[in-house]
Amino acid sequence: KLMRLVQQTYGLEPAGSRGCWGLDDYQMLPFLFGAAQLVKHGLIKPKSIHNPDFVDMFSKDFMYFGCVEYVLSVKKGPISETSPMLNDISAVGRWQKVKNGMLKMYEGEVLSKFPITQHLGFGSIFQWKA
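Residues numbered from 1 in each chain as written. Predicted model: local features only at pLDDT ≥ 70, side-chain atom pairs only at ≥ 80, totals over all residues. Heavy atoms only, no water.

### Side note on the side chain of S48
Put simply, the rule reads: The helix and strand labels rest on DSSP assignments: H or I over at least four residues marks a helix, E over at least two residues marks a strand, and numbering proceeds from the N terminus. A simple rule labels every residue: compare its accessible area, found with a 1.4 Å probe on the protein chains alone, to the largest value its type can have, and call it buried under 20%, exposed over 50%, or partly exposed in between. Should any heavy atoms of two residues lie within 4.5 Å, those residues are counted as being in contact.
Mapped onto the elements, S48 comes out in the loop between α2 (29-37) and α3 (52-58). Relative accessible area serves as the criterion here: at 9%, S48 is assigned to the buried category. Apart from the residues within four sequence positions on either side, S48 is in contact with F54, V55 and F65.

### Observations concerning the nonpolar core
A general tendency of soluble globular proteins is for nonpolar side chains to be buried together. Keep this limit in mind: Among buried residues, the Ala, Val, Leu, Ile, Met, Phe, Trp, Tyr and Cys ones that are joined through side-chain atoms within 4.5 Å form a nonpolar core.
Ranked by internal contacts, the top residues of the largest apolar core, which has 20 residues, are F31, Y64, F65 and W95. Sorting the residues of this core by element identifies α2, α3, α4 (63-74), α6 (84-89) and α7 (95-111) as the ones contributing at least two each.

### A word on the packing of aromatic side chains
To describe a pair of aromatic rings, you give the distance between the ring centres and the angle between the ring planes. Rules: The criterion for an aromatic pair is that two Phe, Tyr or Trp rings (for Trp, the six-membered ring) have centres within 6.5 Å, with stacked assigned to planes under 30 degrees apart, edge-to-face to planes over 60 apart and tilted to the rest.
Applying the stated criterion to the full structure yields 7 aromatic pairs. Their ring planes at 70° and their centres at 6.3 Å tell us that Y64 and F65 sit as a pair that is edge-to-face. According to the relative accessible area criterion, F65 is buried, its value standing at 0%. Residues F65 and W95 carry aromatic rings whose centres are separated by 6.4 Å and whose planes lie at 65° to one another, so their mutual orientation is edge-to-face. Taken together, the positions of F65 in helix α4 and W95 in helix α7 put the pair 30 residues apart, joining distant regions of the chain. Like F65, the residue W95 is buried in the burial classification. One aromatic cluster in this structure is built from F31, F54, F58, F62, Y64, F65 and W95.

Pasting the structure below:
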């Protein structure tokens, strides 16, 4: 929520955005953490993001739905058009599979990119071996 506030307050725009093809133009980790939070939930399914009442009801308690609520508030139109990746992910049947897919995506899109990881502080615990 803090990062969203900073982005809105200062009108920040993402660098290298994938536009509507990204999960959220700025953040991916909240979606990953939110999917992990829902892995053991028996009633809420990934397709529930298409129900505005579910999104509203669960956005305060579940990080994933909070992220979806934010995306819906900044992008106008149906989620299938404004966020096709979120729409595709919603077709996955289980949160475990969503979480695993997002983890792979995060590794590929963030951690394996040198222009991003070069800014991380490396030290004796988290060492960079070039």
